[in-house]
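Here are the chains, one letter per residue:
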Amino acid sequence: MRILSSRGPRVRNKIRLPPCHIWSNDDLDPSKPSYRTWSWLHYTSFWLASSFATGTWTTGSAMIALGMLWYAAWFAVVVSHMIGAFLLVINGRAAAVYHIGFPVYARVAFGMWGSYFAILSRAIMAAIWYSINSYYGANFVSVCLRCIWPSWNNLPNSIPASQGTTTQIMIALFIFWCLSMPFIFIHPRNLNWYFVAKAAIVGPACFAVLAWAVILNGGSVGPGFKVSPKLSDSNYYGWLWMSALNSGCADIARYAKKPSDQLWSQLITYPFFSAIPALFGILVASATSQKWGKQYWNLWDVPTAALDHYEMSPAARGLVFLASLAFGIAVLGTNVAANSLPFGSDIAGLLPRFINIRRGQFLCAVLVFAIVPWKIIASAKALLTFLAGYSILMGPFIAICCIDYFFVRRGNIHIPDLYTGNNMSRYWYYKGVNLRSIAAYLIGIILPFPGFVATFGTVKVTAPATRMWYMGFLLSLVAASAAYYISFLLFPDETIDKNAPFESYAVENELVLESQEMQEIANDDIEKA
């Protein structure tokens, strides 16, 4: 495709990159105007459908299982998602304005080769999350199969208990994996319809489960709130769920019709829709605990218990099947957009000559069984430690990109230089690496990292180190932000035009993209004629 080649906001000429260029392919190039199909309705539907699903429903449950009071756990969810919504929209601003994905966007702050570090780090986490969510989806598939064939529950298990899974779930995981495959071959710009449909299905299903649980318990949510265990250390649990950020924000924000479409819809709906199902999970667990004497925190355990309670009656099987199907659909869509797509984008950024987004997404699916997600979610403590470690490792990336875009460059990105792999690019820095961002990243993780290592039980650290670990995400975010900004004050980048108005480069970039697409359409018409 054609891109800008001027050294400033004024467009002087255009160049065409070869199709096999090492820094470019169709998925990495800026999105054409016709590819921007996501409106505020699609972003709202995306978060409604994504939030009313397994991950958010069980967000507070792991913390409560380890001793946190219900209201403290829910408050942590609300606060973390409010912070997450703010970071989500500001980190997606560049993608929405310049219509580029994270792999290309990372080149601005980290350098042409340095971006590989950020890209690979995010790809690893996306692959792990895709595997975990696939395992969640497998549980709903298993419930659906039991509703259709009651004998499914009697399937012999040949897997040792030490593995943390069963033959039933492994078969269900393979089925869910197969059902997911067609969706990874649909380009993300064409998936917006799916999230609108999914939102219309999964929201009512969550409300129905809550209403059923309250009615089952005689119109009460139960006494669970009065018997919550004592809170041993509020700091640890309070900051832990700062990791509830969506890794794929820049990869769907690039398809926004207007930058404002991804701004207000996500800023408002992300925390709101995330807080409601987390509360629902607590309410349902409380109501069912009074009736059955046991709290069910995992969403798939609730319909399973309902089948046992109603002794597999036809009505129970039919309603449970519909609810589980809705939740399975929700997990599938969220998994593709929030995990498979980021992984595909990142791998395409690492090897653009050989891999596009779809091939990357296929590779992500192939890794599901190799990652053994049932081991990761075997215990609440292990899962929380994993999530917290993820937050301190990914937080500095968010901080550096945001500080670079809003305060260092004032929203001005020179698109042609993002596809120029030599010292002619202003993003080449030192041999393709921005040493400022690497230093800022290390400063961001070094403070909470000793406390993170101590969670494995192999070493002991001081009390201050442990407290810094409790504040892991926020501490890494603030430290990396300050370090990165100060590094530009001490070592300024002479290629940055400090007098350019905010996002002035974006105006010229948009004009060029529009003219290029019009020219392509005209050329196609000529060829057809």
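Residues numbered from 1 in each chain as written. Predicted model: local features only at pLDDT ≥ 70, side-chain atom pairs only at ≥ 80, totals over all residues. Heavy atoms only, no water.

Chemist: Please set out the packing of aromatic side chains residue by residue, giving values where relevant.
Modeler: Following the criterion strictly, the structure yields 20 aromatic pairs and no others. An angle of 85° between the planes, with centres 6.1 Å apart, marks the rings of Phe140 and Trp300 as edge-to-face. In this pair, Phe140 is assigned in helix α7 (residues 115–148) and Trp300 in the loop between α12 (259–292) and α13 (301–309), connecting sequence segments 160 residues apart. The two residues Phe140 and Trp300 agree in class, both being buried. (Phe/Tyr/Trp six-rings, centres within 6.5 Å; stacked < 30°, edge-to-face > 60°. Helix = DSSP H or I, 4+ residues; strand = E, 2+ residues; numbered from the N terminus. Buried < 20%, exposed > 50% of the residue type's maximum accessible area, 1.4 Å probe, protein only.)

Chemist: Describe the packing of helix α14 (residues 314–350) against helix α15 (residues 357–366), naming the residues involved and giving the relevant values.
Modeler: Two packed helices can be described by the angle between their axes and the distance between those axes. One way to put it is that α14 packs onto α15 with a least axis distance of 7 Å and a crossing angle of 120°. α14 and α15 meet at a crossing whose hand is right-handed. Two secondary-structure elements touch here, α14 through Val336, Ser340, Leu341, Phe343, Gly344, Ser345, Ile347 and Ala348 and α15 through Ile357, Gly360, Gln361, Leu363 and Cys364. Class assignment for the residues of the contact of α14 with α15 results in 8 nonpolar, 5 polar and no charged. (Axes fitted to C-alpha atoms, helices over the stretch in contact; angles between N-to-C directions. Left-handed = near helix turned anticlockwise from the far one by under 90°. Contact = heavy atoms within 4.5 Å. Nonpolar A, V, L, I, M, F, W, Y, C, P; charged D, E, K, R; others polar.)

Chemist: Outline the environment of Leu267, listing residues and values.
Modeler: Assignment of secondary structure puts Leu267 in helix α12. Counting along the chain gives 181 residues from Leu267 to Phe86, while the straight-line C-alpha distance between them is 6.2 Å. Dropping the residues within four chain positions of it, Leu267 is found in contact with Ala85, Phe86 and Val89.

Chemist: Let's hear about the pattern of salt bridges: which residues, and what values?
Modeler: Applying the stated rule across the entire model yields 5 salt bridges. Between Glu503 and Arg93 there is a salt bridge whose closest N-O contact spans 2.8 Å. Of this pair, Glu503 sits in the loop between α21 (472–490) and α22 (504–528) while Arg93 sits in helix α5 (residues 93–98), and the two are 410 residues apart along the sequence. Taking the relative accessible area as the measure of exposure, Glu503 reaches 9% and is therefore buried. Residue Arg93 is classed as partly exposed on the basis of its relative accessible area of 22%. (Salt bridge = Lys/Arg side-chain N within 4 Å of Asp/Glu carboxyl O.)

Chemist: Describe unusual backbone geometry, listing the residues and the values that go with them.
Modeler: With phi around 60°, His99 is a residue other than glycine that occupies positive phi space. The phi angle at Glu503 is positive, at roughly 55°, despite the residue not being glycine.

Chemist: Describe a nonpolar patch on the surface, naming the residues involved and giving the relevant values.
Modeler: Among the surface-exposed residues, Phe407, Tyr485, Ile486, Leu489, Leu490 and Phe491 lie close enough to one another that they form a single nonpolar patch of about 670 Å² accessible area. For the nonpolar patch, the element with the most residues is α21, which contributes 4 residues. You can see Leu489 is positioned in helix α21. Residue classification places Leu489 among the exposed residues on the basis of a relative accessible area of 56%. (Patch = residues over 30% accessible without salt bridge, like charges linked within 9 Å, V, L, I, M, F, W, Y side chains within 5 Å. Areas by Shrake-Rupley, 256 points an atom, 1.4 Å probe, with all protein chains shown as cover.)

Chemist: Outline the nonpolar core, supporting the account with residue identities and numerical values.
Modeler: One finds Tyr98, Ile100, Phe327, Ile400, Ile413, Leu418 and Tyr484 to be the most contacted residues of the largest nonpolar core, which totals 121 residues. For this core, the leading source of residues is α7, giving 17 residues. When residues no more than four places from it in sequence are discounted, the contact partners of Phe327 are Phe140, Val202, Ala205, Cys206, Val209 and Leu299. (Core = buried A, V, L, I, M, F, W, Y, C linked by side-chain atoms within 4.5 Å.)

Chemist: Explain α14 to me, and be specific about the residues and the numbers.
Modeler: Taking 1.5 Å per residue, 37 residues should reach 54 Å; α14 reaches 52 Å between its end C-alpha atoms and fits that length. Within α14, the axis deviates most sharply at Val336, by approximately 35°. For α14, the buried fraction is high: 28 of the 37 residues fall into the buried class. (Expected span 1.5 Å × (residues − 1). Bend = angle between axes of the 7 residues up to and from the residue.)

Chemist: So what about the side chain of Thr165? Which residues, and what values?
Modeler: For Thr165, the location among the structural elements is in the loop between α7 and α8 (167–184). Overall, the relative accessible area of 8% leaves Thr165 in the buried class. Within polar-contact distance, the side chain of Thr165 engages the side chain of Tyr135 at 3.2 Å. Residues within four places of Thr165 in sequence aside, it is in contact with Tyr135, Asn157, Ile159, Pro160, Met170 and Trp374. (Polar contact = N/O pair within 3.5 Å; in protein donor to acceptor, adjacent residues only side chain to side chain.)

Chemist: How would you explain the environment of Phe397 if you had to name every residue and give the values?
Modeler: In this structure, Phe397 sits in helix α17 (residues 380–408). Exposure remark for Phe397: the relative accessible area of 3% places this residue in the buried category. Remark: the alpha-carbon pair of Phe397 and Ser481, spanning 84 residues in sequence, is separated by 9.4 Å. Each residue touching Phe397, except ones within four places of it in the same chain, is listed here: Phe110, Phe117, Ala118, Ser121 and Tyr441.

Chemist: Explain the packing of helix α9 (residues 192–216) against α14 to me, and be specific about the residues and the numbers.
Modeler: Contact geometry of α9 with α14 gives a least axis separation of 9 Å together with a crossing angle of 135°. Considering their axes alone, α9 and α14 lie oblique with respect to each other. Between α9 and α14 lies a crossing whose hand is left-handed. Contact with α9, carried on its side by Tyr194, Phe195, Lys198, Ile201, Val202, Ala205, Cys206 and Val209, involves Ala326, Phe327, Ile329, Ala330, Leu332, Gly333, Thr334 and Ala337 of α14 and no other residues of that element. Of the residues in the contact of α9 with α14, the class split is 13 nonpolar, 2 polar and 1 charged. (Parallel < 35°, antiparallel > 145°, perpendicular 65-115°, else oblique.)

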